[in-house]
Amino acid sequence: MALIKLENVTKIYSSADVPVAALKGIDLEIERSAFVSFIGPSGSGKTTLLNLMGVLDKPTEGTLVVNDVDIRSLDRAEAATFRANTIGFVFQNFNLIPVLTVYENVEYPLLMVKRVPAKERSSRILDLLERVGMTDHKDKLPNQISGGQKQRVAVARALVTNPRLVLADEPTANLDHATAFKVIAIMHEMQKELGTTFIFSTHDPKIVGEAEILYTLEDGVLVSRDTPERIEVPL
Amino acid sequence: MNNVIVIAIRNLFRYKRRTFLTSSLIAFGVILVIVFGGLAIAFKTQMIGTLTNTALGDLQIHKKGYVESIDNLPLNLTMSGTTLAEVESSLQQNSSVAAYSLRVKFGAMISNYTQTSNIRLSAVHPELENRTCPGLVGRIKGGVSDPDSFLKPGELLVPDNLMKGLGLNVGDEIVLVATNKDGSVNGIPLRIGAVIESILGPGGKDGYMHIEDAKTLLRMDNTEIVEIAVHLKDFGQLSAVFSELKRTMFSDEAGIELHTWEQLSPFASIVRIVDLLIFMVRFILISIVLVSILNIMTMSVYERISEIGTLAAMGTRPARVLFMFLAEGFAMGLLSTVAGVIIGIGSLSLMTLTPIVFTFGMMQVTLMPDIPFQEVLLVTGIVMFVSVFAGLHPAYKASQMEPVDALGHV
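Residues numbered from 1 in each chain as written. Chains lettered and ligands numbered in written order. Predicted model: local features only at pLDDT ≥ 70, side-chain atom pairs only at ≥ 80, totals over all residues.

## Overview of the interface of chain B and chain A
On the chain A side, the residues contacting the 19 residues of chain B number 20 residues. For the side of chain B that touches chain A, the secondary-structure elements that each account for two or more residues are α1 (2–14), α10 (305–313), α11 (318–353) and α13 (403–408) of chain B. Along the lines of polarity and charge, the residues of the side of chain B that touches chain A split into 8 nonpolar, 6 polar and 5 charged. (Contact = placed C-beta atoms within 7 Å. Helix = DSSP H or I, 4+ residues; strand = E, 2+ residues; numbered from the N terminus. Nonpolar A, V, L, I, M, F, W, Y, C, P; charged D, E, K, R; others polar.)

## Notes on the confidence of the model for chain B
Per-residue pLDDT for chain B averages 87, and the proportion of residues at 70 or more is 95%. As scored by the predictor, the complex reaches a pTM of 0.74 and an ipTM of 0.88. (pLDDT = per-residue confidence, 0-100.)

## Examining the nonpolar core
With 112 residues, the main nonpolar core has Val-106, Val-155, Ala-156 and Leu-167 of chain A together with Val-30 and Ile-34 of chain B as its most contacted residues. Every residue in contact with Leu-167 of chain A, bar those within four places of it in the chain, is listed here: Leu-50, Met-53, Gly-54, Ile-87, Phe-89 and Ile-199 of chain A. (Core = buried A, V, L, I, M, F, W, Y, C linked by C-beta atoms within 7 Å. Buried ≥ 20, exposed ≤ 12 C-beta atoms within 10 Å, placed from the backbone.)

## Brief notes about the environment of Leu-96 of chain A
All names here are of chain A. Tracing the backbone shows Leu-96 in the loop between β6 (87–90) and α3 (102–113). Note on Leu-96: 25 C-beta atoms within 10 Å, which makes it buried. Not counting residues up to four positions away in its chain, the partners in contact with Leu-96 are Asn-105, Pro-142, Lys-150, Val-153 and Ala-154.

## Observations concerning the environment of Asn-130 of chain B
All names here are of chain B. Mapping Asn-130 onto the fold places it in helix α4 (residues 126–132). Classification of Asn-130 by C-beta neighbours within 10 Å gives buried; the count is 22. Linking Asn-130 and Ala-178, residues 48 residues apart in sequence, is a C-alpha distance of 25 Å. In contact with Asn-130, not counting residues within four places along its chain, are Leu-136, Val-137, Pro-147, Asp-148 and Phe-150.

## Considering the pairing of strand β3 (residues 116–124) of chain B
The two faces of a sheet get side chains in turn, since along a regular strand they alternate between them. All names here are of chain B. In the sheet, strand β2 (residues 97–111) pairs with β3 via 9 bridges, with the strands oriented antiparallel. Paired with Arg-103 across the bridge in β3 is Val-124. In textbook terms, the turn of a hairpin is the stretch between consecutive antiparallel strands, and for β2 and β3 this stretch comprises 4 residues, one of which, Tyr-113, has a positive phi near 80 degrees. The sheet contact formed by β3 and strand β7 (residues 206–210) spans 5 bridges and is parallel. If you follow Ala-123 over to β7, its bridge partner there is Met-209. (Pairing = 2+ DSSP bridges.)

## A word on the packing of α1 of chain B against α11 of chain B
Each pair of packed helices gets described by two things: the angle between the helix axes and the distance between those axes. All names here are of chain B. In contact at an axis separation of 8 Å, α1 and α11 are set at 65 degrees when each is read in the N-to-C sense. As α1 runs across α11, the sense of the crossing is right-handed. Across from Val-4, Ile-5, Ile-7, Ala-8, Ile-9, Asn-11 and Leu-12 in α1, the residues of α11 making contact are Phe-323, Met-324, Ala-327, Glu-328, Ala-331 and Met-332. Residue composition of the contact of α1 with α11, by class: 11 nonpolar, 1 polar and 1 charged. (Axes fitted to C-alpha atoms, helices over the stretch in contact; angles between N-to-C directions. Left-handed = near helix turned anticlockwise from the far one by under 90°.)

## Some thoughts on unusual backbone geometry
Residue and element names in this part refer to chain A. In this structure, Val-55 is a non-glycine residue whose phi angle is positive, near 60 degrees. Backbone geometry at Asp-68 places phi at a positive 70 degrees, although glycine is not the residue there. Turning to its location among the elements, Asp-68 is positioned in the loop between β4 (61–66) and β5 (69–70).

## Some remarks on the domain arrangement of chain B
When the parts of a complex come together, some accessible area is lost, and that lost area is often taken as the interface size. By the assigned domains, chain B splits into domain 1 (2–49 + 269–408) and domain 2 (65–254). Taking only C-alpha atoms, the centre of domain 1 of chain B and the centre of domain 2 of chain B are 51 Å apart. (Domains from an automatic or database assignment.)

## A short note on the sheet that holds β4 of chain A
Spatially, 4 strands are ordered β2-β1-β4-β5 (chain A) in an open sheet, and the strand pairing comes out antiparallel. Both outer strands of the open sheet, β2 (18–30) and β5 of chain A, are each paired with one neighbouring strand and no more.

## Considerations on the environment of Phe-267 of chain B
Residues and elements named next belong to chain B. Within the element layout of this structure, Phe-267 appears in helix α9 (residues 267–303). Residue classification places Phe-267 among the buried positions, given that 21 C-beta atoms sit within 10 Å. In this structure, the C-alpha to C-alpha distance between Phe-267 and Val-195, residues 72 residues apart in sequence, is 24 Å. Ignoring sequence-local partners within four residues, the contact set of Phe-267 consists of Met-47 and Leu-51.

See below:
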């Protein structure tokens, strides 16, 4: 059973009363524990698609099922709970809470959203910080660490709730190549170790090769599905 | 809960200068209320104390209808015989009453044999009057050796301006002429015993004489009392004692009336104005807090839209986002109030070391402000409530943001 299933998904935005179709009839299935990347030029619909799969938005038409739940049936509070239990996010601008330390940023979803007991919380956070190599920086504030370190913290925060799915929108856009590869490597490692499904969007041609499955979007339409061996598979 | 407060406080310190300026403004409002409240309450207490202790007494009892025609000083509305005895008995049995003074009040003509003027007289038993209005002797120029006999039979205490107007000196003989309740005019010679200062400054024409002299002058066969001034053990119990006396002792059939000092003195209006001013200062504080918190929280929400989106994306429920921003407004109000209360109480404490002395009429008023703890509690409650109330709209706005829109906000 696929983790994510999209059937004829369309998303239309009404900008200044002019409807703009960001996604047009997307049909797609993503298996559990996959490491998937979406590429495409700006405005191709990558972020819109990730927002839909992340239950941050709802499709205008079509069916979207994530982890066996039809997301159109969820209200705001239910969607929040669903995200808290099922999905982790990694953002292009890291989006760490500036007033919280590295440790507290990773702790936030466990403490404020899922209310995990202190002992378990501490063990999970320290384990993840160790895995992403941030233990020595756990007491620093986000403005005291580098961009690459921030993104590693963001990956740890996304994974700390043991989500089925981690969505990363342009996670390496603000990083240099070496750091970008390190972050992708960490994500890959976590995918292998924890069985988490990773989906990320990117512009970076060097990073796209790291994905196991690569989807290409153009003008809101899915135009290709590539394997790591770069063999184009017909959709 | 604790974590939300910690995050709220950290967010406040994230914009140190802005938080400092806004907190200073709120703290200034709190200081204003506490210091103004302390001074105003001290002024009120001092003035009321002076009025009640030197002239009015805390309560006054008259024959029904007397206060309505008080300007004429009518001598036909008096208490005597059984009525007087019953009233005195009631007052003696009431444990809240410290003392009472029997007075005959009337208007008379005073003459130095060449010039004549009018005078309002209170004829009293000096020992009773001293116990009821212990501050009265303080108004006698030159002081008094024995306060219980500040007035001797055959003596008259005359206000300063009449002394000057008639060219009188202490020890001079004058003639007092008055009309009694039957219309009969009589005069007696008296000696100026001392000069008494009027509370309200020049213009006062209130003098004092011994009640036995008044009985002679007015040809009273029996004691006919116009006014009974009552002094309470605890002034704070005024309303309760007034109600109790009115309920238990003064029925319509008794034909007597009871008034508090407030109902008899125009200074009660000044007290009401002071209360109004305190209310206005509180209102200004509420406005300051409301505008400041509303402003800072609105700015805070709009500056952190992307952050709100991140919180929502991580699964933070709208209610928790609302609570987080409310906590921020509350924390701002709390920190400001604590600072304001400390500085306000400190300022008042400093003032008690160097009391403010000023003259009101002929009264020397010394302001010794107490810490108005009720005012401190009230102002803390007001600021806390208004802080949460003012933060409600921006916090609600934050909680209702769509995560996808908030995350996309630049």
